[in-house]
Amino acid sequence: MNIAANNGDWSGSWVAERLGVELVGDDGLTALLGLALRRNPKRAHLLVSNVLGKHVPQSPSVVYGHGFALGRRVRDLLGEGEAARAVVVGYAETATGLGHSVADGIGLAPYLHSTRRPVPGVTPAGGFEESHSHATSHLLLPEDPALLSGEGPLVLVDDEFSTGNTVLNTIRDLHARYPRKRYVVVALVDMRSPADAGRLTAFAEEINARVDLVAAASGTVKLPEGVLEKGQELVARYEESAAAGGPSGAAPSGPVAQFPAPLEGVAPNPAGARGCVESAATAAWARPAPTHPHPTDHRTATPHLTRVDLHWPPGLPDGGRHGFTPAHRARLESALPLMAARVAEALPPDARRVLTLGFEELMYAPLRVARELEALVPAEVRYSTTTRSPVLAVDDPGYAIRSRLVFPAHDNPADGPGDRYAYNVAGAGFDAVVLFVDSAGDTPELHAPDGLPARLGAHAPHVLLAVVPSYVPALTEESPAMLPEPLRGPAFSSYPAEDVGWLLQDLSDVTLEAPTEEREEAIQSGGAHYAESLPVEYQPSEQYQALFHAALETSAARIAQAVGVVTETVLAERSPRPVLVSLARAGTPVGVLMRRWAQFRYGLDLPHYAVSIVRGRGIDANALRWLAAHHDPRDVVFVDGWTGKGAITRELADAIEEFEEREGVSGFDPEIAVLADPGSCVRTYGTREDFLIPSACLNSTVSGLISRTVLRADLVGPNDFHGAKFYRELAGADVSVAFLDAVVARFGEVVEAVDGAVKELAVADRTPSWEGWAAVERISEEYGIHDVNLVKPGVGETTRVLLRRVPWKILARAGAGADLDHVRLLAEQRGVPVEEVGELPYTCVGLIHPKYTRGATGADGKAVNL
């Protein structure tokens, strides 16, 4: 069936008219779905379910009934025996209630839903990415790790099955960890294209498992060419109109603004659509009178907030975030009548239209109470939930999202503050709203003047608040102290916030710099560790800056290829959705570039963090603790810029082993992925050539203006991250983003070369030979140094010696060309001799002065002023 664009009774006709979108499928499809426009660069349209209880207020019996019926169909498909062995997993945030209802329909199946809320002390049992979503990272946090390890069928529940990517990602991840023979995918609507349907069949054959699909309705979405760009333009024009005094800028009783003229090439709206967008600053009204008008003007009434004590059973989980067993279900069923009665008692007796409003992932508990309430009170009861998803609101009968309430997040989300939304609530004529939140969301932000209850109070004379205790899993050991969230730019570093989160503490206000000569004497005498102070930041001369830019121009494509090779290798061999953890600070630009390659090639938004590792003292254990609490350790890939002799590689392996033994955490892979591996110390690399990586030429000004990391007992406590400084004052000399942009600009031209190199590496013997370590030991003896820590091999390490330490001499491979121009210039500035060597496994090697005393810098023992 083709759904005509001029079907004015369908809540998708407005989008269909303007973008040429068509739904093709079952006769019941329009009853299940409407259309709206996303404020999302990845998809133009949003399929809006009328029976999910997320964006559209609906009868709770209808919402629960659809999920329960799907569960019954799954039970019939599996048979009683297999159904009793099944485990159900729902997707956050949209399908947490749906998945729980499906589990109820199956009968004896335990339930778990993915979550975007990390819980300290709970190690993830898996995770995956939802590539088209505005918020992609999903965690699986079962209290009982054995919940997913059985051999019975795994039932995966989502609201819609559009391309299959999310389900494939999930099954691929879980099958690698907990293989089984049967999967069942459940959705309200199956909207896959024939090609996508074929992918699922092929995937099932690939993993040698059966994959069935159960859906209430099926069809496809026909998207005309350029629909994404047209949708984005439509949203932008609407919001520009609002900003100029249109719908979102109108006063509550102001005139109705007309929608801007139709886009070229799409059908006009014959009626002249009207808009209603509720912003965080003002209530904008432009819709007809509500279906159930009342004498009181709810838009201006003073809200009355009443707390309702549900008497929630102690110890009963508030949902499936950590698992919900049949025993939990039995406890809830017995408690529901009393909880619903307490809500009914708190409602005004003359209420004729009541909304029960859940909170993001907290969908099931308010749904079940609402369904009981529906049978207790004479009022019309509706149910929906708040959401993270940004959607354009347009007040037109042919559009699925007719109004929008905007309010700030109120549960201290791990990804930072942001707007949250409640759709189709404003102007719907509700006499009372019963807001459900879990205790983690009952915060001062919730009760602020711009918080959700205040927003609701502008549209309903009565607002009730029911708080469900957030379930905290019983941990076998005392939970570690709460660690802070990562630092991000622009408050800390000049990198965009999404590029990297720094698991560090900000020591910008502490004086840590010491003259190079003082530091070297203290380090070599054993009086201080190199990580207890910072060198004075080298400020490059104009000549040196010109060398940097020339080097970047000539090597950008070479770096881009190495970035592509190492990223593709990680995605193919380490994890399909890795968590990149760069070793600050040299690894950070590489981690950002790897993240950008994954975005460029696959549309992936990979998490990326920077952590501190200190030679002789190991990696920051608190950073590892934070990572284990927020991600699956098996997905963590440590990233660095290059290898020298492999000291950090060994340091990391030892530190991970010690951490996992002490903490009882497992899964971290200590092998580092590097851009360049001239020392042959790792298996995952972009190249093994020793060439100039321009980010090695400078210090903070090519690394987000962040210093080297600091570990000092008086500054870093047992529950603190290691420290670093943000050199805001050097912003004028910062080339961090320029370096990234120059490399990213070459991604397109190196794709073919990257694919060829990756194929070659896949069949090559990449076993580390540690030839770099052997060479360093040989050089150490030949030059009478007798300390491998004073021998720094490779272009990058040699540059560091010249910038931070007291160099003795530089060994350069005979015939080395432009890759060493900056090394020669720095050596000249510091009075350090450059000695050409015939056979050298590296392009160059920097030797730190082996018997340093204050005043000695070069081979002649004379001090040189920078």
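Residues numbered from 1 in each chain as written. Predicted model: local features only at pLDDT ≥ 70, side-chain atom pairs only at ≥ 80, totals over all residues. Heavy atoms only, no water.

## Details of the sheet that holds strand S29 (residues 791-793)
- In spatial order, the strands read S29-S32-S30-S31; together these four strands make up an open sheet with mixed pairing. Looking at which strands have only one partner, the edges of the open sheet turn out to be S29 and strand S31 (834-837). Adjacent strand axes in the sheet meet at a mean angle of 20 degrees, parallel and antiparallel pairs treated alike.
- Contacting S29, strand S30 (807-813) and strand S32 (844-848), helix H18 (residues 771-782) runs over the sheet at an angle of about 140 degrees to S29. (Pairing = 2+ DSSP bridges. Helix = DSSP H or I, 4+ residues; strand = E, 2+ residues; numbered from the N terminus. Axes fitted to C-alpha atoms, helices over the stretch in contact; angles between N-to-C directions. Contact = heavy atoms within 4.5 Å.)

## Looking at the nonpolar core
- Ranked by internal contacts, the top residues of the largest apolar core, which has 133 residues, are Leu37, Leu148, Val155, Val186, Tyr399 and Leu456.
- Of the residues forming this core, the biggest block, seven residues, is contributed by strand S9 (residues 182-190).
- Leave out the neighbours within four places in its chain, and Tyr399 touches Ser11, Trp14, Val15, Leu35, Ala36, Leu37, Val391, Leu392, Ala393 and Val394.
- Membership of the second largest hydrophobic core comes to 106 residues, among which are Leu512, Phe638, Leu802 and Cys844. (Core = buried A, V, L, I, M, F, W, Y, C linked by side-chain atoms within 4.5 Å. Buried < 20%, exposed > 50% of the residue type's maximum accessible area, 1.4 Å probe, protein only.)

## Comments concerning the environment of Arg585
- If you trace the backbone, Arg585 turns up in the loop between strand S22 (579-584) and helix H13 (587-602).
- A relative accessible area of 5% places Arg585 in the buried class.
- In this structure, the C-alpha to C-alpha distance between Arg585 and Ser700, residues 115 residues apart in sequence, is 8.4 Å.

## Quick notes on the pairing of strand S2 (residues 33-37)
- Extensive coverage of S2 is indicated by the burial of five of its five residues.
- Burial along S2 is two-sided: the residues Leu33, Leu35 and Leu37 and Gly34 and Ala36 are all buried.
- Bridge analysis of S2 against strand S3 (residues 45-49) gives five bridges, and the strand direction is antiparallel. Bridging across to S3, Leu33 finds its partner in Ser49.

## A look at the sheet that holds strand S10 (residues 210-222)
- Strand order in this open sheet of six strands is S1-S10-S9-S8-S4-S5, and the pairing throughout is mixed. Both edges of this open sheet fall to strand S1 (22-25) and strand S5 (111-113), since each of them pairs with a single strand only. In this sheet, neighbouring strand axes are inclined to one another by 25 degrees on average, regardless of whether the strands run parallel or antiparallel.
- Sheet analysis places S1 next to S10, joined by four bridges and oriented antiparallel. The partner of Glu22 across the bridge, within S10, is Lys222.

## With respect to H18
- With twelve residues, H18 should cover 16 Å at 1.5 Å per step; its first-to-last C-alpha distance of 16 Å lies within 8% of that length.
- Of all the residues in H18, the buried ones are Gly772, Trp773, Ala775, Val776, Ile779 and Ser780. Taken around the axis of H18, the buried residues stretch over an arc of 160 degrees, which confines them to a single face.
- Where H18 terminates, the next one or two residues include Gly784, which has phi positive at roughly 65 degrees. (Expected span 1.5 Å × (residues − 1). Arc of directions from axis to C-beta.)

## A few points about the confidence of the model for the protein
- Within the protein, residue pLDDT values average 81, and 83% of them lie at 70 or more.
- Scored below 50 in pLDDT, residues 131-136 shows 25 contacts in the model against residues more than four places distant or in partner chains.
- Contacts from residues 853-866, a stretch scored under 50 in pLDDT, to residues over four places away or in other chains number 29 contacts. (pLDDT = per-residue confidence, 0-100.)

## With respect to unusual backbone geometry
- With omega at -10 degrees, the peptide bond leading from Ala92 into Glu93 counts as cis.
- Secondary-structure assignment places Glu93 in the loop between strand S4 (87-90) and helix H4 (96-106).
- Residue Pro490 follows Gly489 across a cis peptide bond; omega there is 0 degrees.
- Relative to the assigned elements, Pro490 resides in the loop between strand S17 (462-468) and strand S18 (501-502).

## Things to note about helix H9 (residues 364-376)
- With 13 residues, H9 extends 19 Å between its outermost C-alpha atoms, agreeing within 8% with the 18 Å of an ideal straight helix rising 1.5 Å per residue.
- If you follow the buried residues of H9, they end up packed against helix H3 (60-83), H4, helix H8 (326-346), strand S12 (353-358), strand S13 (380-385) and strand S16 (432-438).

## Here's the deal with the pattern of salt bridges
- One pass over the structure, following the stated rule, counts 43 salt bridges.
- Across the pair Arg388 and Glu360 runs a salt bridge, and its minimum N-O distance is 3.5 Å. Taken together, the residues span a long stretch of sequence, with Arg388 in the loop between S13 and strand S14 (404-408) and Glu360 in the loop between S12 and H9 at a distance of 28 residues.
- The shortest N-O distance in the salt bridge between Arg558 and Glu689 comes to 2.6 Å. (Salt bridge = Lys/Arg side-chain N within 4 Å of Asp/Glu carboxyl O.)

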